[in-house]
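Spelled out, the chains give:
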Amino acid sequence: MVHCELCRVPDDGGDCMALVQRLFDQKLSSLPSGSQQSDLHLPTQLCRIETKTDLRGGIEANHRTVMGCGVSKSNQFHKHSRKAIRAAVLIQRWYRQYVARTEMRRRYTWHIFQSIEYSGEQAQIKLYNFLGYLMDNFTPSSTERNLISHIFRENDVCWDSEWERYFCYKNIDVPEVYSGPHLTFPLTVEQAVGLLEAFRNKKQQLHSRYVLELLLETWKLLRMLPNINRISTCHSKEVTICGDLHGQLEDLLLIFYKNGTPSLEKPYVFNGDFVDRGKDSIEILLILFSFMLVYPRDVYLNRGNHEDHIINLRYGFTKEVLTKYKIHGKRILKLLKKIFSWLPLATIIDQKVLVLHGGISDSMDLSVLTKVNRHNYVSALRPPKRRNHSSASMSIDIDMDDDLWSTSKIYQRRPSLTYPKPLGPRECFHNRSLQDFSTRIKANMENELENSKKSEVILAAVLHTSQQDTLSVSTDSVSSDNAKDEWRQILDLLWSDPMNQDGCIPNEVRGGGCYWGPDVTEDFLNRHNMQLIIRSHECKQEGYEFCHNRKVLTLFSASNYYDVGSNRGAYVKLGPDLVPYVIQYQASSMTRELTARQSVGRTERSALKVLREQLFAHKSDLLCAFKKFDTKNAGLVSLVDWASAVESVMHLNLPWRMLRSQLVTCKTSDGMINYYDWFNELAIKGPNTDHIDQSLLETLYRHRSTLETIFRIVDTDNSGFISMEDFRQTWKLLSVYLKMEITDEDICNLAETIDSNHDGSIDIDEFMEAFRLTDKKSRLERGRSMFMATTSDLSKLEADPNV
Amino acid sequence: MAEDKESAENENILAIHRKITAAFEPFDYESKNTVDVREIGTIMYSLDCFPTQADIREFIAEVEENSSGTVHLDRFMPAMTKVLLENKFPPIPRSKIFQAFKVLDKEQKGFVEPEELTKFMMEEGEPFTQEEMDEMLTAHTNRKENVIYYDKLINKLTADAPK
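Rules used in this analysis
Residues numbered from 1 in each chain as written. Chains lettered and ligands numbered in written order. Predicted model: local features only at pLDDT ≥ 70, side-chain atom pairs only at ≥ 80, totals over all residues. Heavy atoms only, no water. UniProt positions renumbered as here; feature names shortened; annotations may be inferred. Helix = DSSP H or I, 4+ residues; strand = E, 2+ residues; numbered from the N terminus. Buried < 20%, exposed > 50% of the residue type's maximum accessible area, 1.4 Å probe, protein only. Contact = heavy atoms within 4.5 Å. Areas by Shrake-Rupley, 256 points an atom, 1.4 Å probe, with all protein chains shown as cover. Pairing = 2+ DSSP bridges. Axes fitted to C-alpha atoms, helices over the stretch in contact; angles between N-to-C directions. Phe/Tyr/Trp six-rings, centres within 6.5 Å; stacked < 30°, edge-to-face > 60°. Lys NZ or Arg CZ within 6 Å of the ring centre and 35° of its normal. pLDDT = per-residue confidence, 0-100. Arc of directions from axis to C-beta. Lys, Arg positive; Asp, Glu negative; His and termini not counted. Salt bridge = Lys/Arg side-chain N within 4 Å of Asp/Glu carboxyl O. Parallel < 35°, antiparallel > 145°, perpendicular 65-115°, else oblique. Left-handed = near helix turned anticlockwise from the far one by under 90°. Nonpolar A, V, L, I, M, F, W, Y, C, P; charged D, E, K, R; others polar.

Per an unreviewed UniProt entry, the recorded name for chain B is EF-hand domain-containing protein, and the organism is Gambusia affinis.

The name that an unreviewed UniProt entry assigns to chain A is Serine/threonine-protein phosphatase, with the source organism given as Gambusia affinis. According to the UniProt record, the Sequence similarities (unreviewed entry) comment for chain A reads "Belongs to the PPP phosphatase family."

Here it is in structure tokens:
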């Protein structure tokens, strides 16, 4: 038979000849026997194809007539079938490639967000360490110390009765114009549900009088709870466990909607990190507290690392409260500070399942944790001071024999080094949702060299001050070892992350948090006769992740955490069989439903924007690194060198080559990159900043969160304004911390830029705005809180002097 | 001359090796230069290759450490280098994909219906799983008309392609 153009199956390799043939044969052999050869007995399926009128059929008929090659019906089927198979194979492999690429993009996008999040946390801890160090080593009379001492002060008021008086809400009147919920105590379930409704539907804010009253009642309850709650799933009651919520009210509402609100039949455990980052942290607290008051035996709260006033300064909760409660915000925050310290540390279910926020370590001992005075740990970052010491300089953790501030001892939190989500069976390797690159993150943004230089400067600064005044750091403390150990355990509990490898990598001086391996889990569970650890603390794309042989479950309940569509949230139900049953969800009010692939594009753009900003903030270091490669001083580097240089400065272990096309749009024809042009591309300009030194701007930009945190610390009355004098002092502090010289002239220029009306005070927000230093991606900035929908609403609130 | 040519070739090979290592590393979770065998497909795709599932299986058979379920870089590198040098699984030109869709869209309507596409993709060739099918439909079906305009789809997916 002559094979003409159409009936010959073209052979061009790219069409996977062998495969098509094999699939075709498979198909043939699956047809009823005896039909392959016969022209007359074609199966109905083929008849359908045959009889369908189409152009092709027409052409073929023509073709047959013209060429006379006698193409038979079965050959037509063969031809058509092959064509269909070929087409299918083509589309499938093309589409799968697209899916795989999208998956890669999703993963590095995730990695970008996570590494930036963690380096922010680390920066906060470093800052706190630095300030703590100043506290311990500057004399009481030094100005710097006075600026910051209040955040370290033990609660002003020691005795409980004084507390009650201080927080007396009774003299706060609720005006008639207030249309929100009115609470009476003891709280009833109707009121708790009413509060929920008010927040969800009417978007009302609870009046500060009721807030204070509610918080006081909460505190009274919490004081009576043990460090470790023990609950049981008797009578086939299932316990529901939720992970981090981070101020995302929508997720909490979604959980209650899907699972029902807490009740006698429906006990709940909330595993910490209720606040920060999201915009409705206070509302979440109020709801959780009210249900806890109504059902004290059925609602359990564990403390998270964000239930900490120092962390709140940086991550938005402090700001949120002060914004929503302009008059009484400060009092509310103070009371919350106390409440956080009274939150229980962990919950044990049926004596077999341990629920806590961060994790464990190889030295963790529940019997120690049971006995500790948890309320002494107002902030887990700083060990408690004994009550009657003088405020000058006694610190039980700083040992003068250690290096003063050596780099290796600075706590570094890195993303968890866990196993990826289990892959499907071998056959279906074309679709997956794999682990991100987080395991590969190394150090933080600021390199070691910079840090060790800093410590030298601080030493110098300290020694200078100490010439007039004596340093008196005492290493004497009676039970300092015990206290240290206790503190370390609490820190581990709140901050640790699991890892793949066996062992436990602790941190040293601060002793806080560690990475613990599967062997530690095994040992811990055996020692305590338990079978499962449920923890949170880390965002997971699916909302949950098992590791350590399914003995550790990470649970995260804030969906869309990094950006819309970035991840799901999850909660767990545990019945008497203690087998965790996971339910996932994703809050979707902001946009219509997106598939995971689609949302990648969006999230990726966000992540890249953030990354570009970070690159810009490291311009000087990058320039140095480029110059090393650019031996001819032509302002050009190759792609490969560009990638190496960037990695050596940023330490993010990202696939820079892959990202290059998104980060660098200027490129010369021979594939070299003109890095000066590139910096111009990245440059972020604020208004009228030409008179400010470029390197100062860059530093400002890089450390803007730290800067803002220090401002807020210095702003002792939380008014949002600081005096010119304090402004100056802040810069002095910062200059020591960053080992940068900031002249008085610089400071004047900075002040001028925000056009303060020279009345001696600087508006913090305005300052940050002026330099485009506010992170536009921060959740607090992005959507306005549910409670501040329009300016007219705002002004209504403002008219009420008591809110 | 021959030397120049050789050194240019070596440069090329070095570049390819770097590329392969960069693609491999993100999947090497324990830093032991091994990856799970189920990741090989993704790695190959990320290197701008377009193998079929059959191709991937064949490749794995060559490089896997005797059914351990893992692949070591030592074996992956030479095999993958060969693939890249020979351009064994080149990208598919748009026109071809277009033709492929046309096979399905016999009446040349310019679109296909979700049911047709589903039947096609899940029965022919190397069938999609339900998950893959759902993902494709959710992402690319025109909501109003409930059809898939494949030229738009092709444009969109190739626009995302590496340059």
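Colleague: A description of the overall build of chain B should follow, citing residues and the corresponding values.
Modeller: Looking only at helices and strands, chain B features 8 helices and 4 strands. The proportion of buried residues among the 163 residues of chain B is 45%. Considering only contacts in chain B between residues 6 or more positions apart, those separated by 24 or more positions represent 55%. Accessible surface for chain B amounts to roughly 8,400 Å². Of this, 50% is attributable to carbon and sulfur atoms.

Colleague: Hey, could you go over the UniProt feature "domain: EF-hand" (unreviewed entry) in chain B for me, with residue numbers and the actual values?
Modeller: In the UniProt entry, the feature "domain: EF-hand" (unreviewed entry) is given for residues 92–127 of chain B. For residues 92–127 of chain B, the helix share is 58%, the strand share is 6%, and the end-to-end C-alpha distance is 19 Å.

Colleague: Talk me through the sheet that holds strand S4 (residues 299–301) of chain A; I want residue IDs and the actual numbers.
Modeller: Residues and elements named next belong to chain A. Taken in spatial order, the 5 strands of this open sheet run S4-S3-S2-S13-S14, and their pairing is mixed. At either end of the open sheet lies a strand with only one pairing partner, and these are S4 and strand S14 (581–585). Each adjacent strand pair in this sheet contributes to an overall mean axis angle of 20°, direction not counted. Bridge analysis of strand S3 (residues 268–270) against S4 gives 3 bridges, and the strand direction is parallel. The residue bridging Val 269 from the neighbouring strand is Tyr 300, located in S4. Running at roughly 125° to S14, helix H9 (residues 249–259) makes contact with strand S2 (239–242), S3, strand S13 (569–574) and S14 of the sheet. Against the sheet, helix H10 (residues 281–294) engages S3 and S4, with an angle of about 130° to S4.

Colleague: I'd like a rundown of the packing of aromatic side chains, residues and numbers included.
Modeller: Using the criterion set out here, one finds 25 aromatic pairs over all chains in the structure. Measuring from ring centre to ring centre gives 6.2 Å for Tyr 544 of chain A and Phe 546 of chain A, while their planes differ by 80°; the resulting arrangement is edge-to-face. Residue Tyr 544 of chain A is classed as partly exposed on the basis of its relative accessible area of 25%. For Phe 546 of chain A, a relative accessible area of 15% puts it in the buried group. Plain terms: the ring middles of Phe 101 of chain B and Tyr 150 of chain B are 5.2 Å apart, the flat faces sit at 5° to each other, and that makes the pair stacked. Taken as a pair, Phe 101 of chain B in helix H5 (residues 94–104) and Tyr 150 of chain B in helix H8 (residues 150–159) lie far apart in primary sequence, 49 residues in all. With a relative accessible area of 3%, Tyr 150 of chain B lands in the buried category. Members of the aromatic cluster, each reached through a chain of ring pairs, are Phe 626, Trp 642, Trp 656, Tyr 675, Tyr 676, Trp 678 and Phe 679 of chain A. Geometry around Trp 219 of chain A places Arg 223 of chain A over its ring, the cationic atom sitting 4.7 Å from the centre. Looking at Arg 550 of chain A, its charged tip hangs above the ring of Phe 546 of chain A, at a distance of 3.8 Å from the centre.

Colleague: I'd like a rundown of the side chain of His 140 of chain B, residues and numbers included.
Modeller: Along the chain, His 140 of chain B turns up in helix H7 (residues 130–140). Once you skip the residues sitting within four places of it in the chain, His 140 of chain B turns out to touch Tyr 95 and Tyr 98 of chain A together with Val 147, Ile 148, Leu 153, Lys 156 and Leu 157 of chain B.

Colleague: Mind laying out the confidence of the model for chain B, listing which residues take part and the relevant values?
Modeller: Residue and element names in this part refer to chain B. Confidence along chain B averages 85 in pLDDT terms, with 96% of residues attaining 70 or more. Per-element confidence in chain B ranges from a low mean pLDDT of 81 for helix H1 (residues 2–24) to a high of 92 for helix H4 (residues 73–86). Model confidence for the complex is summarised by a pTM of 0.69, with the ipTM given as 0.91.

Colleague: Got a sec to walk through helix H21 (residues 656–663) of chain A? Specific residues and values, please.
Modeller: Here H21 of chain A has its buried residues at Trp 656, Leu 659, Arg 660 and Leu 663 of chain A. Mapping the buried residues of H21 of chain A onto a view down its axis gives an arc of 130°, with all of them on the same face.

Colleague: Break down the side chain of Arg 209 of chain A for me, citing the residues and quoting the values.
Modeller: Residue and element names in this part refer to chain A. Mapped onto the elements, Arg 209 comes out in helix H8 (residues 208–223). Although Arg 209 lies buried, it forms no salt bridge, and the closest oppositely charged side chain, Glu 213, sits 4.1 Å away as judged by the N-O distance. Apart from residues lying up to four places away in sequence, Arg 209 is in contact with Tyr 169, Lys 170, Ile 172 and Val 174.

Colleague: Tell me what's going on with the pattern of salt bridges, and back it up with residues and numbers.
Modeller: In the structure shown here, the tally under the stated rule is 21 salt bridges over all chains. The residue Arg 200 of chain A makes a salt bridge to Glu 197 of chain A at a minimum N-O spacing of 2.6 Å. Here Glu 197 of chain A and Arg 200 of chain A lie together in helix H7 (residues 189–202), a separation of 3 residues that amounts to about one turn. Glu 86 of chain B serves as the salt-bridge partner of Lys 82 of chain B, at 3.6 Å between the closest nitrogen and oxygen. Note that Lys 82 of chain B and Glu 86 of chain B are positioned in helix H4 at a spacing of 4 residues, about one turn of the helix. The network of salt bridges with shared partners includes Lys 279, Asp 280, Glu 283, Glu 320 and Lys 324 of chain A.

Colleague: Quick rundown of the sheet that holds strand S12 (residues 552–555) of chain A? Include the residues and the values.
Modeller: All names here are of chain A. What the 6 strands build is an open sheet, ordered S1-S5-S6-S10-S12-S11; its pairing is mixed. Because the sheet does not close on itself, it has two edges, and the strands there are strand S1 (228–231) and strand S11 (544–547). Averaged over all pairs of adjacent strands, the angle between strand axes in this sheet comes to 20°, irrespective of strand direction. Bridge count between S11 and S12: 4 bridges; the pairing is antiparallel. In the strand pairing of S12, Glu 545 is matched with Thr 554. Against the sheet, helix H17 (residues 518–527) contacts strand S6 (353–356), strand S10 (532–535) and S12, and its axis sits at roughly 115° relative to S10.

Colleague: Go over unusual backbone geometry with me, naming the residues and quoting the values.
Modeller: Residue and element names in this part refer to chain A. Omega for the bond connecting Phe 185 with Pro 186 falls within 30 degrees of zero, at 0°, which places this linkage in the cis form. On the secondary structure map, Pro 186 appears in the loop between helix H6 (160–166) and H7. Phi at His 548 is positive, roughly 50°, even though this residue is not glycine. Its place among the elements puts His 548 in the loop between S11 and S12. With a relative accessible area of 5%, His 548 lands in the buried category. A positive phi angle is found at Asn 549, which is not glycine, with a value near 60°. If you trace the backbone, Asn 549 turns up in the loop between S11 and S12.

Colleague: How would you explain the UniProt feature "domain: EF-hand" (unreviewed entry) in chain A if you had to name every residue and give the values?
Modeller: Those residues carrying the UniProt feature "domain: EF-hand" (unreviewed entry) are residues 617–652, 702–737 and 742–777 of chain A in this numbering. What you have in residues 617–652 of chain A is 67% helix and 8% strand, and the ends, taken at the C-alpha atoms, are 14 Å apart.

Colleague: Which residues make up the packing of H10 of chain A against helix H13 (residues 329–342) of chain A, and what values do they have?
Modeller: Each pair of packed helices can be described by the angle between their axes along with the distance between the axes. Residues and elements named next belong to chain A. Where H10 contacts H13, the axes come no closer than 13 Å and their chain directions differ by 55°. Compared by their axis directions, H10 and H13 come out oblique. As for how H10 packs across H13, the hand of that crossing is left-handed. Residues Ile 282, Leu 285 and Phe 289 of H10 pack against Ile 332, Leu 336, Ile 339 and Phe 340 of H13. Of the residues belonging to the contact of H10 with H13, the class tally is 7 nonpolar, no polar and no charged.

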